[in-house]
Amino acid sequence: MTKAITPFSLKDAPALIEQLLPVQKLSAEVFKERKAGAGQTLVPLGAYWKGRKPLILNKACILGCLLPATDDMTRDLAIFEKLMAMDDESFAVRAKRRPKPNEILGKISISRVTDYFTLEPEGVLPTSAPIDWSNPEYTEVKVAWRKDISELVRRRLEAQMLPRVQYFERVNQSKRAEEVLDIVHGHIWDAVNDHIGTSAQSFYELVEQLGVMRFGHRPRVADTLCGSGQLPFEAGRLGCDVFASDLNPVGCMLTWGACHIIGSASVQRKTQENEQERIVKRVLAEIDRLGVETDSSGWRAKAYLYCLEVRCPETGWMVPLIPSKILSYGKQAIVELIPLPSQKRYEIKVRSGVSSEEMAEASIGTLRSDGPGQDPYLFHTVEGRQYRSKISTLRGDYRDKDGKTGSALRLWEKSDFKPRSEDIFQERLYAIHWMKPKKTGKKFDYKFTGVSEADMRCERIVEEYVKQHLEEWQAKGWIPDMRIEPGDKTDEPIRTRGWTHWHHLFPARHLMLLALIRKETKRGETLLRLAKILDYTSKLCRWTTSKAGSSKTGGGGRTGGASDNPTNVFYNQALNTFYNYGCRASFPLLQLFASKLPLSAITGTTMVACQTAAELDEVFDIYVTDPPYGDAVKYEEILEFFIAWLRKNPPPEFADWVWDSRRSLAIKGEGEDFRRGMVEAYKRMTDCMPDNGIQVIMFTHQDGPIWADMANIVWASGLQVTAAWYVVTETESALRTGNNVKGTVLLVCRKRKGRFKATRDDLAWDLQEEVEKQIRNLTGLNQKAMALYRDENVFEDADIQMAGYAAALRVLTHYAIIDGHDMTVEAIRPRVKGETTFLDGLINFAVDTANQCLVPHGIAKCYWDRLSGAERFYLKMLDLEYRGANKIDNYQNFAKAFKVRDFQAFMGSRKANNARLKSALEFGRTEMGEGSELYQSALRAVLYAIMEIAKDMDGTEVLAHLTMNIPNYYGDMTQRDLAVELADYLAKRLEELRPEEASAARVLRELVNNQRLG
Ligand SMILES: C[S@@+](CC[C@H](N)C(=O)[O-])C[C@H]1O[C@@H](n2cnc3c(N)ncnc32)[C@H](O)[C@@H]1O
């Protein structure tokens, strides 16, 4: 630390994140990180965790809280971007391949080449570049960087080589900053230090110095809802002292792993790896000793395929339930069911290399859901007659007089691990996928076979082995003995299979393998690795086969070779049971268990605790949290799948944790309990925060009421909103499914100080002023930052709208008492369904105020104020389209903002990144009736007239229709002016988008202008 740093010099300085955040660029970076899929830094520790908040977003939040906002917003932005590796020079390093010196000389202008490069031999090349390398005299010249050229200068030159594309595209073509973390920031420190008065040469130093300037010490950052540890890891990597806690021990374990395995120093890693190798050897030796996964000719099992088998009530036959008889596209392998009438059952044969016709035929199995109601049915044919039975009937599903559902399935007992002979559903091994090392090198040959006598003997050995040890293993905690507690997600295994204990979800082979590994688990790291492979075990792994070149399930559109594999359990957020499933064999699972993990060292200190957020008892300067808002992910239920395996005798690192999901203490849902839980958690954080502390609360942006909810929570927790940002955090494919808005709002909060009072009337003025100021600021920064962003905006309209909401919340949450109401009490008052509370009213008013300010350029405010929500929506979105912003989530956001019930009716295309409104011609004669939100609106009348003109209808007739379609056209002269204003606006906005309609709009404008009245 140098002397120049003055403790508390930034004590009360506003944080950068309270003034600006380059959300568009950040969204592009988030997208990039998400698209890396399994390549994301912490995902290899546990792909089963749903809802990881991107590291790059977390980094932006932490830096944004530490950095000061100065009077020079443009410079603040430039420095922030350098720290985020978003500047041109950083992209020179992020490039997938850095350009060679002669490539640079071939492309850019340099007045004296020798200022940067050494040439061998000298004097052959021209003195200045660009150089035409096609000249044969130059081919022998060797060019190299001069040794005395600084990295910054080199990067500046290389940056000039970058393609001039939009930021999104640039990120797409480059590496993530994380991938070149050791070097990417090399050039930034002089500029950073110069701007904020630090003397740092690394993040560790910068963070420490900023911490001292703000809080008097290295910043103490906490996340008390830490989940998989994305935030604590990033904070630790930046050099903060971090505290992380979560109610759920699986979350804590992943956070611990992020910090101590991925974030460990490389020296520790070797010891960790040796331990895993030892375990793999021991376990594999035991499996091989039993001889249950190898055959006599060098093949080793890769996966076993099982299906349920059920007795058909009409024929008395035992029928395997197989949705598709295709085993593998790559191997053209199928199963065939050979009837054995004397035994009333089927033999199952496997054939590989079959014809395309046979493959097509095999795609239909004995289980089909293509009938009425898409319910699954069993189909089979005996002596030419087809029989079908509904699965729910086979299961004996019923609903009792209280409306509760039940079935005739026997509920399994603790000592069960396979069906009993009298059970409705039997389980049957029907095919095996084998692997054998090729003679040359590391690769394998693969094949599918049916099940031989020898294979069945192996099955019996495994079952006998499990039977003998089950009780002992359960007592020792090597396999689960825990009951499945009913719940939204945990009901399914109980209801559809009769499984009552977690170990019932696992085939005997997996119980055997996992118990052998669990037995050896003495360290935290091993437990994490065990959890990782648990995701690939159990009967909840669907068998999948894909053709070469097609994308795998969850593969995000990637292409590759053909693949045959059971999926992982948590490919979604449920506990779905399957009629047939794949059971990975021990060898591939052990390979996965011991697979290499990435390394990215943490420089700060980290501490992980398993406790509720309300139990926090230390003070921290910065909190960044991502609460489980109305979450689709029921962590407290689905993670019991893991807890059941890990809870007994945990390794010393996790021994103090409560190995239970404590469902009742989890914050969940959306109702009263949710609000109460949130307030309890956030009030505690606020109490455990210095007066100049800062919080960022993340939540998924869904719809209007969430703003009121968040305002309530913030208010009741003693916080005040100071800013809000919207970052798109989902990938394109996620956006496409259902076209739901999936972005994250970052709500920046401070402690509310004092007990200020206001009346609603005063608030109206405050709100108006604050919202307008905020919007002016951001629009202003857009203008100023043009050079920095080339011709892209720092903020798009949706961001500005969000900032408007934030400004409104900022005004509101500043006050403790409004119109005599104590807002902290008001905020937690239980709600009556359907009631609009005082606070709802305030929020609605604030949000309306924010939206009012978003008048598109080209329409006078006096006209805008008269328009309906649907008209505003159409005009606003046209403005956005005109500027090339075509994301569907923009449409959704604004539909909500303008309270449009069904914006779909106005859409010509709803593609995620290429959405657009209907044109006048596409509207045709629709949306004119009473049911439409555009009914009797001036805009609809104008669009109708444009359509008629475009179809060459006579002008007088067009005008006659227009005057009829616009109510009170002759009674209120301003209606006519409005029609002119709208026609003019449409003409300008449509000029490039739809020139024909633009010209029709111009004609209309003139027609109305020149219309003789009276
Ligand atoms: C949305 S997740 C956080 C995800 C995290 N940001 C990540 O990137 O992985 C919310 C977390 O809050 C935890 N949680 C719910 N109620 C809690 C409570 N009362 N106290 C502490 N943690 C709680 C859940 O276990 C879950 O891990």
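Refer to the preceding data block for the structure.
Residues numbered from 1 in each chain as written. Predicted model: local features only at pLDDT ≥ 70, side-chain atom pairs only at ≥ 80, totals over all residues. Heavy atoms only, no water.

Student: Just checking my understanding: could you explain the sheet that holds strand β21 (residues 622-625) for this structure?
Tutor: Neighbouring strands of a sheet are bound in pairs by backbone hydrogen bonds; such pairs are parallel or else antiparallel. Within the open sheet, the seven strands sit side by side as β20-β4-β3-β21-β22-β24-β23. Their pairing is mixed. A single partner strand is all that each edge strand has here, and the edge strands are β20 (606-610) and β23 (719-728). In this sheet, neighbouring strand axes are inclined to one another by 20° on average, regardless of whether the strands run parallel or antiparallel. In the sheet, strand β3 (residues 220-223) pairs with β21 via two bridges, with the strands oriented parallel. Note on β21: the bridge partner recorded for V221 is I622. (Pairing = 2+ DSSP bridges. Helix = DSSP H or I, 4+ residues; strand = E, 2+ residues; numbered from the N terminus. Axes fitted to C-alpha atoms, helices over the stretch in contact; angles between N-to-C directions.)

Student: I tried to follow the side chain of H185 on my own but got confused; where do I start?
Tutor: Position of H185 relative to the elements: it lies in the loop between α8 (181-184) and α9 (189-196). Residue H185 is classed as buried on the basis of its relative accessible area, which comes to 6%. The contact partners of H185, leaving out residues within four places of it in the chain, are K59, K82, L83, A85, R155 and F203. (Buried < 20%, exposed > 50% of the residue type's maximum accessible area, 1.4 Å probe, protein only. Contact = heavy atoms within 4.5 Å.)

Student: When you look at the environment of S595 in this model, what are you seeing that I'm missing?
Tutor: Looking at where S595 falls in the secondary structure, it is placed in the loop between α20 (586-593) and β20. Here the alpha-carbon distance between S595 and Q276, two residues 319 residues apart in the chain, equals 9.2 Å. Contacts of S595, omitting those with residues within four sequence positions, involve R529 and K532. Among the polar contacts made by the side chain of S595, one reaches the side chain of K532 at a distance of 3.4 Å. (Polar contact = N/O pair within 3.5 Å; in protein donor to acceptor, adjacent residues only side chain to side chain.)

Student: I keep staring at the pairing of β3 and nothing clicks. Help me out?
Tutor: Strand residues, when the strand is regular, have side chains that alternate between the two faces of the sheet. With four bridges joining them, β3 and strand β4 (residues 241-246) adopt parallel strand pairing. Bridge pairing links A222 to F243 in β4. Between β3 and its parallel partner β4, the chain crosses via helix α11 (residues 230-238), and the hand of that crossover is right-handed. (Right-handed = clockwise from strand over helix to strand, strands pointing away.)

Student: I tried to follow the packing of helix α34 (residues 938-950) against helix α35 (residues 955-965) on my own but got confused; where do I start?
Tutor: Axes are the key here: two packed helices are described by the angle between their axes and the distance separating the axes. Relative to each other, α34 and α35 sit at 165°, their axes nearing to 9 Å. Between α34 and α35, the angle falls in the class roughly antiparallel. Here the hand of the crossing between α34 and α35 comes out right-handed. On the side of α34, the interface is formed by A941, V942, Y944, A945, E948 and I949, while α35 contributes V958, H961, L962 and N965. (Parallel < 35°, antiparallel > 145°, perpendicular 65-115°, else oblique. Left-handed = near helix turned anticlockwise from the far one by under 90°.)

Student: Which parts of the structure should I look at to understand the sheet that holds strand β9 (residues 345-351)?
Tutor: Read from one edge of the open sheet, three strands run β7-β8-β9, paired in antiparallel fashion. Of all the strands in the sheet, just β7 (326-328) and β9 have a single pairing partner and so form its edges. Taken over all neighbouring pairs, the strand axes of this sheet differ in orientation by 30° on average, direction set aside. Relative to β9, strand β8 (residues 333-340) runs antiparallel, the two being bridged by seven bridges. Bridge pairing links L337 to I348 in β9.

Student: Teacher, can you tell me more about a nonpolar patch on the surface here?
Tutor: Taken together, the side chains of Y970, M973 and L1013 make up a nonpolar region of the molecular surface, amounting to roughly 290 Å² of accessible area. Following the sequence through the fold, Y970 ends up in the loop between α35 and α36 (973-993). Look at Y970 and you get exposed, because its relative accessible area is 52%. (Patch = residues over 30% accessible without salt bridge, like charges linked within 9 Å, V, L, I, M, F, W, Y side chains within 5 Å. Areas by Shrake-Rupley, 256 points an atom, 1.4 Å probe, with all protein chains shown as cover. Salt bridge = Lys/Arg side-chain N within 4 Å of Asp/Glu carboxyl O.)

Student: Help me understand helix α10 (residues 203-215), please; the structure alone is not making it clear to me.
Tutor: Because the α-helix completes a turn every 3.6 residues, residues three or four places apart line up on one side. Helix length check: α10 (13 residues) gives 17 Å between terminal C-alpha atoms against 18 Å at 1.5 Å per residue, within 8%. Within the sequence span of α10, burial applies to F203, L206, V207, Q209, L210, G211, V212, M213, R214 and F215. In the core, the buried residues of α10 are packed alongside α2 (55-66), α3 (73-83), α9, α11, β21 and β24 (743-751). (Expected span 1.5 Å × (residues − 1).)

Student: Hey, could you run me through helix α13 (residues 266-290) in this one?
Tutor: With 25 residues, α13 ought to run about 36 Å at 1.5 Å a step, and its terminal C-alpha atoms sit 37 Å apart, in line with that. Listed in full, the buried residues belonging to α13 are R269, Q272, E273, E275, Q276, I279, V280, V283, L284, E286, I287 and L290. On its buried face, α13 is in contact with α12 (249-262), β5 (300-311), α16 (453-476), α18 (508-520), α19 (524-534) and α20. Two residues or fewer after α13 comes G291, characterised by a positive phi angle close to 65°.

Student: Looking at this structure, I do not really get the site of the ligand. What am I missing?
Tutor: Not every one of the 24 residues close to the ligand is listed here, only the nearest: K53, S228, D246, D626 and I667. A distance of 2.9 Å separates a nitrogen atom of the ligand from a polar atom in the backbone of A613. Look at the ligand: alone it shows 600 Å² of surface, and the protein chains cover 96% of it. Considered class by class, the residues forming the shell around the ligand number eleven nonpolar, eight polar and five charged. (Near = heavy atom within 4 Å. Nonpolar A, V, L, I, M, F, W, Y, C, P; charged D, E, K, R; others polar.)

Student: Could you clarify how one ought to interpret the packing of α13 against α20 in this entry?
Tutor: Where α13 meets α20, the axes come as close as 10 Å, and the angle between the chain directions of the two elements is 170°. Taken together, the axis directions place α13 and α20 in an arrangement best described as roughly antiparallel. Here α13 contributes Q276, I279, V280, V283, L284 and I287 to the contact with α20, which in turn contributes S586, F587, L590 and F593. Here the contact of α13 with α20 is built from residues that sort into eight nonpolar, two polar and no charged.

Student: Help me out: how do you make sense of the nonpolar core in this one?
Tutor: Core analysis: the biggest nonpolar cluster contains 81 residues, and M253, F641, F642 and L646 have the highest contact counts within it. The element that contributes the greatest number of residues to this core is α12, accounting for nine residues. Once residues within four sequence positions are removed from consideration, M253 is found in contact with Y48, L527, L528, A531, L646, F654, W657 and W659. In terms of nonpolar packing, the next biggest core, distinct from the first, is built from 62 residues, L57, V207, L210 and I622 among them. (Core = buried A, V, L, I, M, F, W, Y, C linked by side-chain atoms within 4.5 Å.)

Student: What exactly am I supposed to notice about the pattern of salt bridges here?
Tutor: If charged atoms from side chains of opposite charge come close, those side chains can pair. One pass over the structure, following the stated rule, counts 64 salt bridges. As a salt-bridge pair, K270 and E273 come within 3.9 Å of each other at their nearest N and O atoms. Residue K270 and its partner E273 are both found in helix α13; the two are separated by three residues, about one turn of the helix. Looking at K270, the relative accessible area reads 46%, which means it is partly exposed. For the salt bridge of R410 with D423, the shortest nitrogen-to-oxygen distance reads 2.7 Å.

Student: Explain the packing of aromatic side chains here, please?
Tutor: By convention here, two paired aromatic rings are described through the distance between centres and the angle between planes. Summed over the entire model, instances satisfying the criterion amount to 33 aromatic pairs. Aromatic side chains F91 and Y167 sit 5.6 Å apart centroid to centroid with 85° between the ring planes, which places their arrangement in the edge-to-face category. Linking F91 in helix α4 (residues 88-94) with Y167 in helix α7 (residues 167-173), this pair joins segments that are 76 residues apart in sequence. Of the two residues, F91 and Y167, neither departs from the other in class, the shared state being buried. Between the aromatic rings of F873 and F903, the centroid separation amounts to 5.9 Å while the plane-to-plane angle is 65°, which identifies the pairing as edge-to-face. Here the residue F873 occupies a position in helix α31 (residues 869-882), and F903 occupies one in the loop between α32 (888-897) and β28 (907-910), the gap between them amounting to 30 residues. (Phe/Tyr/Trp six-rings, centres within 6.5 Å; stacked < 30°, edge-to-face > 60°.)

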